[in-house]
Every structure is written in C-alpha cells, then in structure tokens.
Amino acid sequence: MYNSEYDDLSFEEQLHLTESLIRRRHNQQIFLRRNAQLLQQELSFEAELLEDNPEFAQTIYAFNMQEIQINQQGLQNVLGSEESPSKEQSVWSKFFPGLCGR
C-alpha cells in the first residue's frame, strides 16, 4: 500500500511506521477476538439463566415488548402527527427554498 506521505521519510522511518501499523492492527484483532469471546460467554450465561428461570425469562420478554411498543409509538408520533409534514417542509424550505414547490 503506497502512501505519498511516506515519500520524505527514510527507509527506517517507513519501516517503523509500517511495524507500528501492523502492531496496532494485531492488537485490534486480539481485542476484537477477546471481546467476541466475552460476548459469547455472556450470551451463554444469559441463556442458562433464562433456561433455569422461566419467570425471569417471561419478565424480560414483557419488558422487551413494552420497550418495542414504546419505541414504535414514539416513531408513529413523530412520523404520523399531522404537524410533522408542515414542520418538515419548513425545515427543508429553510435549506432548500425552491424544493417544496413554493
């Protein structure tokens, strides 16, 4: 991979930068692998917990459904309100005066 920023650097400096990039990418890969392992462990523990406690699983499910419904209602309120198009048009017309056909 050629980078014109390296043109003024000596071979040793370019080599040092390349090694530094390789180390950084390697460390990122190790971090991502470890993070994925921990996430998998967490999901396994959560699955065991939910399996062993059906009431807890039902409660979590109910909370998740409530959160989904609240989010959907909020989205419908934003998208479905009758004031929204006029507000949207006024905002767009400020940035693009001829866009709204006025």
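Quantities reported herein were computed from a predicted structural model and do not represent experimental measurements.

Definitions and cut-offs
- All residue numbers here refer to positions counted from 1 along the written sequence of the relevant chain.
- Restriction of local features to residues with pLDDT of at least 70 applies here, the model being predicted, together with a cutoff of 80 or more for giving and counting side-chain atom pairs; totals for whole chains, interfaces and linings are based on all residues.
- By convention in this description, side-chain values take in all heavy atoms of the structure and omit both hydrogens and water.
- Per the convention used, a helix needs a DSSP run of H or I reaching at least four residues, while a strand needs a run of E reaching at least two, with both numbered from the N terminus.
- Each residue gets one of three labels from its accessible area relative to the maximum for its type: buried under 20%, exposed over 50%, partly exposed in between, using a 1.4 Å probe on protein chains only.
- Per-residue confidence from the prediction method is given by pLDDT, with values spanning 0 to 100.
- Nonpolar side chains (Val, Leu, Ile, Met, Phe, Trp, Tyr) are joined into patches within 5 Å and like charges within 9 Å, using only residues with over 30% relative accessible area and no salt bridge.
- Accessible surface is estimated by sampling points in the Shrake-Rupley manner with a 1.4 Å probe; for residues, cover comes only from the protein chains shown.
- Just to be clear on terms, a salt bridge is a Lys or Arg side-chain nitrogen sitting within 4 Å of an Asp or Glu carboxyl oxygen.

**Side note on the overall build of the protein**
Each helix and strand in the protein was counted, giving three helices and zero strands. Reading the helices (α) and strands (β) of the protein from amino to carboxyl end gives α-α-α. Taken across its 102 residues, the protein has 2% of its residues classed as buried.

**Notes on the confidence of the model for the protein**
Interpretation of this model should avoid reading the predicted coordinates in detail wherever pLDDT is low. Predicted confidence across the protein gives a mean pLDDT of 80, with 74% of residues reaching 70 or more. Confidence, read as mean pLDDT per element, is least for helix α3 (residues 83–95) in the protein (53) and greatest for helix α1 (residues 11–52) (93).

**Focus on a nonpolar patch on the surface**
A cluster of nonpolar residues, Y61, M65 and I68, forms a patch on the protein surface that exposes about 270 Å² of accessible area. You can see Y61 is positioned in helix α2 (residues 54–80). You can call Y61 partly exposed: its relative accessible area is 48%.

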